[in-house]
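Here is how the chains run, residue by residue.
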Amino acid sequence: MWLKPEEVLLKNALKLWVQERANQYFVLQRRRGYGEEGGGGLAGLLVGTLDAVLDSTSKVAPFRILHQTPDSQVYWSIACGASREEITEHWKWLEDNVMKTLSVFDSNEDITSFVQGKIRGLIAEEGKGSFVKEDDPEKFREGLMKFEKCFGLPEQEKLVTYYSCSYWKGRVPCQGWLYLSTNFLSFYSFLLGAEIKLIISWDEISKLEKTSNVILTESIHVCSRGEDHYFSMFLHISETFLLMEQLANYAVRRLFDKETFENDLVLHDPLQITKRGLESRAHSEQFSAFFRLPKEETLKEVHECFLWVPFSHYNTHGKMCISENYVCFASQDGSLCSVIIPLREVTGVEKADPANRGVSISTKGKTAFRFTEVRDFEQLVAKLRMKCSATSSPQHIINAEVAASSASDTPKDFDAAPSKMGQRDNSRTVGTEALMTVYHPQDTENLDPKMLKEKMKEQSWNILFVERGHGVTMFRTKKTRDLVVRGIPEALRGELWLLFSGAVNDMASNPGYYTELVEESLGTCTLATDEIERDLRRSLPEHPAFQSDTGISALRRVLTAYAHRNPQIGYCQAMNILTSVLLLYAKEEEAFWLLVAVCERMLPDYFNRRIIGALVDQAVFEELIRFHLPQLTGHMTDMTFFSSVSLSWFLTLFISVLPIESAVNVVDCFFYDGIKAILQLGLAVLEYNMEKLLTCKDDAEAVSVLNRFFDSVTNKDSPLPPAVQQGSSLSDTKSDHPKVDITDLIRESNERYGDIRYEDVESMRCRNRLYVIQTLEATTKQNVLRVVSQDVRFSPSDLEELYELFKKEHFLSCYWSVNSPVLQHHDASLPYLDQYRIDCQQFRVLHHLLSPWSHCANRDSLALWTFRLMDESSSCLINFKQFACVLDTMYNGSFTDKLKLLFKLHIPPAFTEVESLSPSKGGDLSKEELIHFSQLSVSSVGDSLESDSLKSSPEKGKGKVDIQAYLKQWQDELLKREENIKDLPRMNQSQFIQFSKTLYNLFHGDPEEELLYRAIAVVTSLLLKMEEVGRRLQSPPSLVKSPVAVTEVAAETPTKGQEESSSEQTEGGRAQSLRGNHEWSFAFEQILASLLNEPAFVRFFEKPHDIKVKIESAKNLQLKARIRV
């Protein structure tokens, strides 16, 4: 590797380096101790220790080249190499391309300048695409070289960054280097002859956290496969931990949770990940989440400055954050002041006060925001003006006219029966009013005390709007939060939900999008639409709005449109309840965008098939309970109780457990504070019921306590009529339980748990996500092993190890491929057995590592035929059960079972002529050939098999998973009878010749090899003679000449080599196929009976094989085998 020229004092290096070559201008040196017998003694050990600790690869590479000039004591390091071949190649290049040129220069300075320029040019040419994005390209190149040298991972493995740290092995710290790459966490240390090399794949990590104790002041704890690893003494531990957390979550999402990952364009290609890119991504995610902006927004600039707050008459200190379409500000002086300014609202950007470096931004709402003490304020003004002029998206205004015009294209003539015309017409028309205004219009003339209080609330908000602005650019302060906690007025609820959730920005950026979605999704029939229809009448059934077709049709349109927009989520139970409440207070299009904000930003991964997001937040909730309510956790022996109870709290934002008039106040706080509001309220509910919960003897009693509490929650200020209020009908029957006002409960939750910070919640989410997904994976493994263990004779521990190897092989194919076909087929919604499947290429690797027959010369062909035999559905993928069953036959099967397996490998559909199509390759097949041959099964059996496989495979050929088909498939497997050997088809001549060749290859190297060769010759001769007799009894004499010829070839076999006899048999068989129209063939019973007469055969196939040895070897070689492939 060429190095940036650095000055070296040779006299300081003589003790560590040995000169191997030299000429007038260059010196080639070898590191002392490298390549010497015994490692160079004590000097070699000391040098090795220095190499592991020092921070320069030019010092640790075993070879280097120095540039020198005559009569000069200064030397320059210009190249280093990990091997003699590499450094020799560099030396030869210098001799061929540089040495001849140097003689033309007059001075040593010119020579040195020329050499340095040449080397820098080579480095720039090498690193054009690879290292441009790194902060220090030269240093990173050195680190990359050491990484590749130490761990030998594939070239595609992308090193992100590396750190110096200590790894604690027991109570002893080992100083070394921690390397973070896209798929692995790796550590290397070499101290006084003791080498430590650690490689942990990110997908195996179940816990990643910062810890501290008496010995380790601050360290990073990594738990993988039940083993704990501790790393400490980082220079910047927070930066390191954040990067590790990002890489672990990225790998987990890519490999386990593809439905959310597929839409992630930023990290879709693992080869493009850099440290700087990950850091900027983390900042952008935090920025867009804090200000509730669209996920596409990326943070471009951050400026520390002051913002003039006109209603308080002072400047608040904070940070101005700028993205493509927004200018945002958040205070950092405790005033909780924030502002969001969409560039679509900006009318002008000016330099306000040059002396104070001021910037003034004017908006359409006639509000001017004045920022001062802005660094490079003149450049910022120019940039913002350019951004504003480039913002061409029109302002999107939602009103009744626009909605009505979008619905005016509705056809008026229908072929349906008159009774259905109203329903169909209604299902097409997008609603333009919130359902609450239709079903519960406010009576402004008769103001009862509740309505009077409601009007006072509205007046408080109006005063706030006058002071702090109205709309998306309003100042958000502590007073805004206080008003939200008191409950948003009914008339303003929809507008403020849209504002605080950020849905207003999505809607403004996508005018007409919802109407188009409704038109596109109308009449579609998928699994999601079936589930939506089933749940429509269960959504707030007691509310009048959803007892009529108006409300039901609006709910149907919103849910169906969202399922059409996001098929990865489609529809999940609980979405109907949430959307019902949104439709009560927001117009139909607004409700749709609110649903988008909730599902895709505010509650990420909540509504996918495994509700991973909800499980993660429940784990966060448990962590908060342990910290804030330790006496409750001490009483509850099983923390899963809180998870089972609180799942509906998170999925429905308490709507399913609280009366509707109280639940909407919780939704108010959720849209303002996010998931933090739900966590705080959950803690307050448990604390309120602490005494009763501590006296409960079991979970059922605790659930009853909480249910009675929720029934007693009221909203005394709600202006809703008694017919709608769910709590009012319970006031008499539940009078024994004291009433709790929702406003008081929310206020108390803010006072007691308001110190929970958004950043802490996000950190806990990241930490618990790994644990949740690994727990789900452990459940999958347990279910798979339970099913498979009934059909195999492996011990539970061996079967578990095989599963880990199988799953690891699945992942290895996904690590370095952006569009791995195996990863595309991975679907967590499938039955457990089909969640992980491997293709023919992956199976070949495992077959060679684990099969007792892997020493066979034609092992590639055997692997191919075995795979084709297992791939009954012609999907070119097999699951773990199929894999384990075929290995079980090889290791634990009887003589008959093993022979039957070999027989079936040499007849269709498993058998295919490999050597005839690829004669140049011999016994080895390339990846392309292997894939080609594995896919031949579809064409070889006709088009009917393809259609049958589509029918039998529930996820192929359909837009949705057919559960009934899976049940039918499962029932067929249960009823499948034991295969009778008489049902096996006969083996023809070419197949029998290949079968014989395989047996010869299997016997090669066996202690009884010669005896086995003779035995197979005898059996072959006997079988052919039996077939000749049978043919003579049934056919004219003229058609039965060739078997005799082949018999003679077989009889000569013991005297010839294995390859010669095999080729003669093949040629004889092909000649036979040209001589007559009738081929000879054998039944399995004939072959079995003949082989049973040879004790050597029986001893060979009944010889026990220990799979534990193979498994241990495979664990060490699996990664290397993948690298070779």
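Scroll up to find the structure.
My aim in this report is to walk through the structure given alongside it, one point at a time. (Residues numbered from 1 in each chain as written. Predicted model: local features only at pLDDT ≥ 70, side-chain atom pairs only at ≥ 80, totals over all residues. Heavy atoms only, no water.)

Below, the discussion takes up the pairing of strand 5 (residues 75-81). Most of strand 5 is tucked away: six of the seven residues are buried. The pairing of strand 1 (residues 2-8) with strand 5 spans four bridges and is classified as antiparallel. If you follow Trp2 over to strand 5, its bridge partner there is Ala79. Two elements, strand 4 (residues 63-67) and strand 5, share five bridges in a ladder whose sense is antiparallel. Within strand 5, the residue paired with His67 across the bridge is Trp76. (Buried < 20%, exposed > 50% of the residue type's maximum accessible area, 1.4 Å probe, protein only. Helix = DSSP H or I, 4+ residues; strand = E, 2+ residues; numbered from the N terminus. Pairing = 2+ DSSP bridges.)

On inspection of all chains with the given rule, the structure shows seven cavities of 30 Å³ or more. If you add up the space inside the largest cavity, you get close to 70 Å³. Contributing to the lining of the largest cavity are 13 residues, with Glu490, Arg493, Asn665, Asn715 and Pro719 lying nearest its centre. Listed by contribution, the elements that provide at least two residues to the lining of the largest cavity are helix 15 (449-468) and helix 27 (660-673). (1 Å grid on protein atoms, 1.4 Å probe; cavity = no way out; pocket = protein on both sides within 12 Å on 5 of 7 lines; lining within 4 Å. Points joined across faces, edges and corners; volume = space filled by probe spheres on them.)

A few words now on the packing of aromatic side chains. Inspection of every chain in the model, using the stated rule, returns 53 aromatic pairs. Seen in terms of ring centroids, Tyr513 and Phe592 are 6.3 Å apart; in terms of plane orientation they differ by 45°. Their pairing is tilted. Pair noted here: Tyr513 is in helix 19 (residues 513-521) and Phe592 is in helix 23 (residues 588-602), with a separation of 79 residues, a long-range link. A connected cluster of aromatic rings, assembled from ring pairs, spans Phe621, Trp649, Phe650, Phe654, Tyr688, Phe709 and Phe710. One cation-aromatic arrangement involves Arg468 over Phe311; the distance from NZ or CZ to the ring centre is 4.0 Å. One Lys or Arg, Arg493, reaches over the ring of Tyr585 and ends 5.1 Å from the middle of that ring. (Phe/Tyr/Trp six-rings, centres within 6.5 Å; stacked < 30°, edge-to-face > 60°. Lys NZ or Arg CZ within 6 Å of the ring centre and 35° of its normal.)

A few words now on the sheet that holds strand 2 (residues 17-22). In spatial order, the strands read 1-5-4-3-2; together these five strands make up an open sheet with antiparallel pairing. Each edge of the open sheet is held by one strand with a lone partner, namely strand 1 and strand 2. The sheet shows a mean angle of 30° between the axes of neighbouring strands, direction not considered. Together, strand 1 and strand 5 form the strand contacts of helix 7 (residues 137-151), whose direction differs from that of strand 1 by roughly 110°. (Axes fitted to C-alpha atoms, helices over the stretch in contact; angles between N-to-C directions. Contact = heavy atoms within 4.5 Å.)

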